[in-house]
Amino acid sequence: AAMKAFLTADIAESMASGLTLAIDSNAVTAGLTGDLGWRSGTFSVTDKAGATVDSGKWLEVWHKADGKWHITHDIWNSDRKATAAASAATAPTGN
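Note that the structure is a prediction, hence the values are computed from the model and not measured.

**Notes on the overall build of the chain**
Piece 1. Broken down by element type, the chain carries 1 helix and 5 strands.
Piece 2. Helices and strands in the chain line up, N terminus first, as α-β-β-β-β-β.
Piece 3. In the chain, which comprises 95 residues, the proportion classed as buried is 12%.
Piece 4. The contacts of the chain with a sequence gap of at least 6 include a subset with a gap of at least 24, amounting to 30%.
Piece 5. Of the roughly 7,600 Å² of accessible surface on the chain, a fraction of 60% belongs to carbon and sulfur atoms.

**Quick word on the pattern of salt bridges**
Piece 1. With the rule as written, the count across this model stands at 3 salt bridges.
Piece 2. Residues D54 and R80 are paired through a salt bridge, measuring 3.5 Å at the closest nitrogen-oxygen approach. Here the residue D54 occupies a position in strand β4 (residues 52-65), and R80 occupies one in the segment after β5 (68-78), the gap between them amounting to 26 residues.
Piece 3. R80 sits in the exposed class, given a relative accessible area of 55%.

**Observations concerning unusual backbone geometry**
Piece 1. In this structure, D66 takes a positive phi of about 55° despite not being glycine.
Piece 2. With respect to the helices and strands, D66 occurs in the loop between β4 and β5.

**Section: the pairing of strand β3 (residues 36-46)**
Piece 1. Sheet analysis places strand β1 (residues 20-23) next to β3, joined by 4 bridges and oriented antiparallel. Note on β3: the bridge partner recorded for I23 is F43.
Piece 2. Sheet analysis places strand β2 (residues 29-33) next to β3, joined by 5 bridges and oriented antiparallel. Following the sheet pairing, A30 is matched in β3 by R39.

**Side note on the environment of L32**
Piece 1. By the secondary structure assignment, L32 is in strand β2.
Piece 2. When its relative accessible area of 62% is taken as the criterion, L32 is described as exposed.
Piece 3. Taking the C-alpha atoms as reference points, L32 and W62, separated by 30 residues in sequence, lie 9.0 Å from one another.
Piece 4. In contact with L32, other than residues within four places in its own chain, are G37 and W69.

**What about the environment of G37?**
Piece 1. With respect to the element layout, G37 can be found in strand β3.
Piece 2. With 25 residues separating them along the chain, G37 and W62 place their C-alpha atoms 4.9 Å apart.
Piece 3. The residues touching G37, leaving out its near neighbours within four places in the chain, are G31, L32, E60, V61, W62 and W69.

Quick notes on the rules
- Residues numbered from 1 in each chain as written.
- Predicted model: local features only at pLDDT ≥ 70, side-chain atom pairs only at ≥ 80, totals over all residues.
- Heavy atoms only, no water.
- Helix = DSSP H or I, 4+ residues; strand = E, 2+ residues; numbered from the N terminus.
- Buried < 20%, exposed > 50% of the residue type's maximum accessible area, 1.4 Å probe, protein only.
- Contact = heavy atoms within 4.5 Å.
- Areas by Shrake-Rupley, 256 points an atom, 1.4 Å probe, with all protein chains shown as cover.
- Salt bridge = Lys/Arg side-chain N within 4 Å of Asp/Glu carboxyl O.
- Pairing = 2+ DSSP bridges.

Printed below as a string of structure tokens:
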């Protein structure tokens, strides 16, 4: 429930700020074997002015159970260079 609430708020904030996510439908690939399936492709994110602010790749793994397909794994990776890791002073402590 916490993850769903976070994602809902994050998506709403992104949309309110003018960011748009686009999936390149020409780059989507998919496969199926038995009760497992997958889809992968590329994405881009643009700002209000139409400038690309991010791009990358994504992958979904699906599993069929009781006649319905469910996403079991979903990952994306940005093509941007990674930023420097947070210092120990600013890193969360888990408390």
